[in-house]
Structure formats: structure tokens, C-alpha cells
There are 2 protein chains.
Amino acid sequence: MKFYYVPGTCALASHITLEEAGADYTGVRMNFAEEEQKKPEFLAINPKARVPALVTERGVLTETPAILVYLCQQYPEANMAPLDDPFELARVQSFNSYLCSTVHVAHAHRGRGHRWADDPAAHEAMRAFVPKSVGECFRLIEDEMFEGPWVMGRDCTVCDFYLFTVTGWLEADSVDITTLPKIQNHYERLSQRPSVKRALAQEFA
Amino acid sequence: MKFYYVPGTCALASHITLEEAGADYTGVRMNFAEEEQKKPEFLAINPKARVPALVTERGVLTETPAILVYLCQQYPEANMAPLDDPFELARVQSFNSYLCSTVHVAHAHRGRGHRWADDPAAHEAMRAFVPKSVGECFRLIEDEMFEGPWVMGRDCTVCDFYLFTVTGWLEADSVDITTLPKIQNHYERLSQRPSVKRALAQEFA
């Protein structure tokens with residue numbers, strides 16, 4: 001498999017999952033600053049011009065929640081999701097869906113306002129609102145969603161890798177992680193996990 | 001099961017799926033205009049104050065992509081997703097994820113700008129941009145993603161019910177559906193499907 005990523009993006013969640021699974025893959029680092037994602041060679045892989053993209057022998061997969069559960073199914077021995085319990089798996093999917101459709105989107109208004117408005121003043125208004133919107137998302141995760149010791153409870157799942165990825169944006173989003181003790185502790189534990197260290201080492205080598 | 005929805009929202013995708021499955025459920029219509037979703041009784045069901053929410057005997061499920069695949073797994077005889085093929089299932093999830101995290105989000109900037117900025121001028125700038133952003137999403141679906149005759153190709157899946165739901169917002173978003181012939185034809189076919197008719201009849205009774 002070939003895995004296309006940009007350091008510092010949500011692709012890290014899939015990257016950690018590949019490492020956790022012990023998957024045989026080649027990482028391909030893209031450069032957003034040079035707009036590599038808009039070049040024809042990459043648009044042929046992902047016409048959405050986004051990362052992550054995972055090229056498998058069957059074809060290309062995009063979108064973090066899809067890649068995460070696919071890898072769980074391909075590497076069941078890594079035990080990264082409750083695959084045999086449809087209700088518990090749906091809880092995993094619900095959490096991942098919240099991260100992609102609400103939390104990541106709130107965060108993206110800091111630097112990608114051009115996706116939703118033309119006016120620079122509107123971009124500035126969006127940027128100013130990010131600490132509030134991202135802060136509210138994480139308050140809900142801390143108070144209502146996080147079961148402990150892992151996101152889903154007893155077992156570490158792909159939700160933990162995805163949450164770790166998004167938590168890594170809090171400082172730049174001006175959300176004080178010390179107000180979120182469960183999430184702060186989770187972030188520190190994940191930082192020490194070998195798969196996380198390997199993925200980060202590759203991204204920032 | 002109890003299914004909480006608001007007419008005209010993305011909950012319609014789950015509503016159609018419940019009907020297609022022949023599920024035994026009770027629909028509960030919520031009223032956003034009266035802010036019912038922010039009352040303590042509903043926050044106890046879904047602290048995110050959103051629909052859809054599906055109350056099962058095991059607990060509550062939220063987020064459209066999670067509910068859709070859960071229902072596919074609970075009602076395999078309805079044949080609403082390629083459950084036995086992890087790669088094809090990942091393609092289903094990828095499409096659903098694109099709809100929730102990009103297409104629905106683009107649309108939401110028309111009426112829900114308060115989620116991402118305080119400034120009324122910014123809300124206006126967001127609203128003005130919706131035809132462009134939603135239009136670009138649907139152009140990509142029409143040109144790159146839609147396999148035909150159904151979203152995923154040969155078989156009708158939950159992706160079709162979700163796409164139908166989001167396509168229903170195009171007129172209000174000022175995107176001309178006649179420029180999207182595959183999607184227009186798909187919308188017309190789905191409108192005639194008995195499960196779609198039943199879900200719509202309940203929502204707008």
C-alpha cells in the first residue's frame with residue numbers, strides 16, 4: 001500500500017493506525033505549501049485534492065473514518081475496533097464521524113476560511129471564533145464522550161489515534177488543554193505509544 | 001427503537017434507511033424552531049443537541065454515517081451495503097464521510113454561520129458563498145464519484161439515501177440541478193422509491 005499524507009494534518013490518525021497494525025506500506029509525504037495536492041498526478045489519485053489517501057491493490061481509499069475502519073478489518077489481530085459487535089462498532093463510527101464533521105471542521109475555520117467565504121474580514125471573524133467552537137467540542141468530549149481509560153472504555157481503538165491527532169491542534173487553536181484533564185492525560189499516554197512515536201518520527205523526519 | 005428527527009434535515013437519510021429495512025421503530029418529530037433539541041429531556045438523549053438520534057435497546061446512536069452502517073448490519077436481508085467486502089464497505093463509508101464532513105458542512109454555512117463566527121457580516125459572506133462551495137461538491141460527485149446507476153455502481157446502498165437527502169437541499173442552496181444530469185436522474189428515481197415516499201410522508205404529514 002501507498003499512504004499519502006501531509007505532516008500535521010488529520011492523516012496522522014491513519015498513519016498511526018498503519019503503524020499500530022504493523023502494515024506493509026510506503027509513506028509518501030506531500031507538500032501543501034507547494035500545492036502538490038492540486039497537481040494532476042495527485043488529482044488522479046484523489047480528485048478531492050486532500051490527504052489522507054491510501055492506495056490499495058483494489059483501489060484508492062480516502063476520508064479518515066473510512067480508512068480507519070478498513071485498516072481495523074484488514075488487521076483484526078491488532079484489535080483496533082470492536083469488529084464483532086455492531087453496536088459498539090457504531091459507537092466507534094459515531095465518535096469518528098463527530099471528529100471529522102464537527103471538530104475538524106471547527107478547527108479548519110482557523111486557516112481554511114477560503115473554503116466557506118471569499119471575504120478576508122469573514123476569514124478573520126472565523127479565525128477569532130475557533131477557540132470557542134473547538135473548545136466547546138472538546139468540553140463535550142471530555143464531559144460526555146470519553147469513557148476512560150480509552151475513548152471507548154476498556155480497549156484502545158482507532159478513536160484514540162484520531163482523538164490524539166485532533167488534540168494535537170489545541171495549542172494552535174488557543175484551547176487550554178489543562179482545562180481538559182482526561183484529554184490531557186490521554187494525549188500524554190498516547191505520545192508514549194510506540195506506534196504513535198514511529199508515525200510522528202516519519203512525518204517529522 | 002425510537003428515532004428522533006427534524007423534517008428537512010440529514011435525519012432523512014436514516015429515516016429512509018429505517019423504512020427500507022422494514023425496521024420496527026417509532027419516529028419522534030422534533031421542532032428546531034422551538035429549540036426542543038436544547039431542552040434537558042433531549043440533551044439526556046443526545047448532548048450534542050442534534051438529530052438524528054436512534055435509541056436502541058443497547059443505547060443511543062448519533063451521527064448519520066454511524067446509524068446508516070449500523071442499520072445495514074442489523075438488517076442484512078435488506079442488502080443496503082456490501083457488508084462482506086471490506087474494501088467496498090470502505091468506499092461506502094468514504095462517500096458517507098464526504099457527505100457529512102464536506103457537503104453537509106458547505107450547505108450548513110447558509111443558515112448556521114453562528115457555529116463558526118459571531119459577526120453577522122461574516123454570516124452573510126458565508127451565505128453568499130454556498131452556491132459555489134456546494135456546487136463544487138456536487139460537480140465532484142457528478143463527475144468523479146457517482147458510478148451509476150447507483151452511487152456505488154450496480155447496487156442501491158445507503159449512500160443513495162444519503163445523497164438523495166443532500167440533493168434535496170440544492171434548490172435552497174441555489175445550485176441548478178439541471179447542470180448535474182446524473183444526480184438529477186438519481187433524485188427523480190429515488191423520489192419514486194416506496195421507502196423514500198413513506199419516510200417523506202411521515203416527516204411532512
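Residues numbered from 1 in each chain as written. Chains lettered and ligands numbered in written order. Predicted model: local features only at pLDDT ≥ 70, side-chain atom pairs only at ≥ 80, totals over all residues. Heavy atoms only, no water.

### So, the relation of the copies chain B and chain A
Stage number 1. The operation relating chain B to chain A is a screw motion whose rotation component is 180°, with 0.0 Å of axial translation and a residual RMSD of 0.0 Å. What we have between these two chains is a two-fold relation.
Stage number 2. The share of interface residues of chain B whose copies in chain A are also at the interface is 100%, consistent with both copies meeting through the same surface. (Least-squares fit on C-alpha atoms with pLDDT ≥ 70 in both. Contact = heavy atoms within 4.5 Å.)

### Looking at the pairing of strand 4 (residues 59-62) of chain A
Sheet faces and side chains relate simply in a regular strand, where the side chains alternate between the two faces.
Stage number 1. As paired elements, strand 3 (residues 53-56) of chain A and strand 4 of chain A share four bridges and run antiparallel to each other. Within strand 4 of chain A, the residue paired with Leu54 of chain A across the bridge is Leu61 of chain A. (Pairing = 2+ DSSP bridges. Helix = DSSP H or I, 4+ residues; strand = E, 2+ residues; numbered from the N terminus.)

### Topic: the nonpolar core
Stage number 1. Membership of the largest hydrophobic core comes to 131 residues, with the highest contact counts inside it found for Phe95, Phe138 and Ile141 of chain A together with Phe95, Phe138 and Ile141 of chain B.
Stage number 2. Not counting the four nearest positions on each side in its chain, Phe95 of chain B is found in contact with Ile141, Met145, Val151, Met152, Cys159 and Leu163 of chain B.
Stage number 3. Listed in part, the 14 residues of the second largest apolar core include Trp116 and Ala122 of chain A together with Ala122 and Met126 of chain B. (Core = buried A, V, L, I, M, F, W, Y, C linked by side-chain atoms within 4.5 Å. Buried < 20%, exposed > 50% of the residue type's maximum accessible area, 1.4 Å probe, protein only.)

### Description of the packing of aromatic side chains
When we look at a pair of aromatic rings, we describe it by the centre distance and by the angle of the planes.
Stage number 1. Applying the stated criterion to the full structure yields ten aromatic pairs over all chains.
Stage number 2. Judged by centre distance (6.5 Å) and plane angle (80°), the ring pair of Phe3 of chain A and Tyr25 of chain A falls under edge-to-face. Of the two residues, Phe3 of chain A sits in strand 1 (residues 2-5) while Tyr25 of chain A sits in the loop between helix 1 (11-21) and strand 2 (26-29), which places them 22 residues apart along the sequence.
Stage number 3. A residue is classified by how much of its surface remains accessible, and Phe3 of chain A, at 0% relative accessible area, is buried.
Stage number 4. When the ring of Phe164 of chain B is compared with that of Tyr187 of chain B, the centres are 4.6 Å apart and the planes differ by 15°; the resulting orientation is stacked. Of this pair, Phe164 of chain B sits in helix 6 (residues 158-167) while Tyr187 of chain B is found in helix 7 (residues 181-191), placing the two residues 23 residues apart along the sequence.
Stage number 5. Linked through ring pairs, Phe3, Tyr5 and Tyr25 of chain A together constitute an aromatic cluster.
Stage number 6. Above the plane of the ring of Trp150 of chain B lies Arg189 of chain B, whose end atom (NZ or CZ) is 4.9 Å from the centre. (Phe/Tyr/Trp six-rings, centres within 6.5 Å; stacked < 30°, edge-to-face > 60°. Lys NZ or Arg CZ within 6 Å of the ring centre and 35° of its normal.)

### A look at helix 6 of chain B
Residues and elements named next belong to chain B.
Stage number 1. The buried fraction of helix 6 is high, at ten of ten residues.
Stage number 2. Along helix 6, the residues that are buried comprise Val158, Cys159, Asp160, Phe161, Tyr162, Leu163, Phe164, Thr165, Val166 and Thr167.
Stage number 3. For helix 6, the elements touching its buried residues are helix 1 (11-21), helix 3 (64-74), helix 4 (86-108), helix 5 (120-145), helix 7 and helix 8 (194-203).

### Remarks on the sheet that holds strand 2 of chain A
Stage number 1. Pairing in this open sheet of four strands is mixed, and the strands run 2-1-3-4 (chain A) from one edge to the other. Looking at strand neighbours, the two that pair on one side only are strand 2 and strand 4 of chain A, the edges of this open sheet. With direction set aside, neighbouring strand axes in the sheet form an average angle of 20°.
Stage number 2. Contacts between helix 4 of chain B and the sheet are confined to strand 3 and strand 4 of chain A, with strand 4 of chain A contributing the most and set at about 40° to the helix. (Axes fitted to C-alpha atoms, helices over the stretch in contact; angles between N-to-C directions.)

### Topic: the sheet that holds strand 1 (residues 2-5) of chain B
Residue and element names in this part refer to chain B.
Stage number 1. The strand order across the open sheet formed by four strands is 2-1-3-4, and the pairing between neighbours is mixed. Two strands bound the open sheet, and with one partner strand each, they are strand 2 (26-29) and strand 4 (59-62). Across this sheet, the average inter-strand angle for adjacent strands is 20°, counted without regard to direction.
Stage number 2. The strands that helix 1 touches are strand 1 and strand 3 (53-56); relative to strand 1, the one it contacts most, it runs at about 150°.

### Details of the pattern of salt bridges
Proximity of charged atoms lets side chains of opposite charge pair with each other.
Stage number 1. On inspection of all chains with the given rule, the structure shows 26 salt bridges over all chains.
Stage number 2. We note a salt bridge from Arg58 of chain B to Asp85 of chain A, for which the minimum N-O separation is 2.9 Å. Taken as a pair, Arg58 of chain B in the loop between strand 3 and strand 4 and Asp85 of chain A in the loop between helix 3 (64-74) and helix 4 (86-108) lie in two separate chains rather than in one.
Stage number 3. Under the relative-accessibility criterion, Asp85 of chain A is labelled partly exposed at 22%.
Stage number 4. For Lys48 of chain B, the salt bridge identified is with Glu63 of chain B, shortest N-O distance 2.8 Å. On the criterion of sequence distance, the pair formed by Lys48 of chain B in the loop between helix 2 (40-43) and strand 3 and Glu63 of chain B in the loop between strand 4 and helix 3 is long-range, its members being 15 residues apart. (Salt bridge = Lys/Arg side-chain N within 4 Å of Asp/Glu carboxyl O.)

### Topic: the packing of helix 4 of chain A against helix 4 of chain B
Stage number 1. Relative to each other, helix 4 of chain A and helix 4 of chain B sit at 30°, their axes nearing to 9 Å. Taken together, helix 4 of chain A and helix 4 of chain B sit at an angle that is classed as roughly parallel. As for how helix 4 of chain A packs across helix 4 of chain B, the hand of that crossing is right-handed. Two secondary-structure elements touch here, helix 4 of chain A through Gln93, Ser97, Cys100, Ser101 and Val105 of chain A and helix 4 of chain B through Gln93, Ser97, Cys100, Ser101 and Val105 of chain B.
Stage number 2. Across the contact of helix 4 of chain A with helix 4 of chain B, the residue classes break down as four nonpolar, six polar and no charged. (Parallel < 35°, antiparallel > 145°, perpendicular 65-115°, else oblique. Left-handed = near helix turned anticlockwise from the far one by under 90°. Nonpolar A, V, L, I, M, F, W, Y, C, P; charged D, E, K, R; others polar.)

### A short note on the side chain of Thr165 of chain A
Residue and element names in this part refer to chain A.
Stage number 1. Structurally, Thr165 is set in helix 6 (residues 158-167).
Stage number 2. Here Thr165 falls in the buried class, since its relative accessible area comes to 3%.
Stage number 3. Leaving out residues up to four positions away in the same chain, Thr165 has contacts with Thr9, Cys10, Leu12, Ala13 and Ile16.

### With respect to the domain arrangement of chain A
Residue and element names in this part refer to chain A.
Stage number 1. For chain A, the assigned domains are domain 1 (2-78 + 198-203) and domain 2 (86-193).
Stage number 2. Computed from C-alpha coordinates alone, the two centres of domain 1 and domain 2 are separated by 20 Å.
Stage number 3. On the domain 2 side, the residues contacting the 16 residues of domain 1 number 13 residues.
Stage number 4. For the pair domain 1 and domain 2, the summed buried area comes to about 1,300 Å², and 71% of that belongs to carbon and sulfur atoms.
Stage number 5. Taken together, the connections running from domain 1 to domain 2 amount to one salt bridge.
Stage number 6. Among the ionic pairs, Glu20 bridges to Arg193, the shortest N-O distance being 2.7 Å.
Stage number 7. Linking domain 1 to domain 2 there are three residue pairs in polar contact (both at pLDDT 80 or more).
Stage number 8. Those elements that place two or more of their residues in the side of domain 1 that touches domain 2 are helix 1 and helix 3.
Stage number 9. Of the residues contributing to the side of domain 1 that touches domain 2, the split by class is ten nonpolar, four polar and two charged. (Domains from an automatic or database assignment. Buried area = accessible area lost by both parts, 1.4 Å probe. Polar contact = N/O pair within 3.5 Å; in protein donor to acceptor, adjacent residues only side chain to side chain.)

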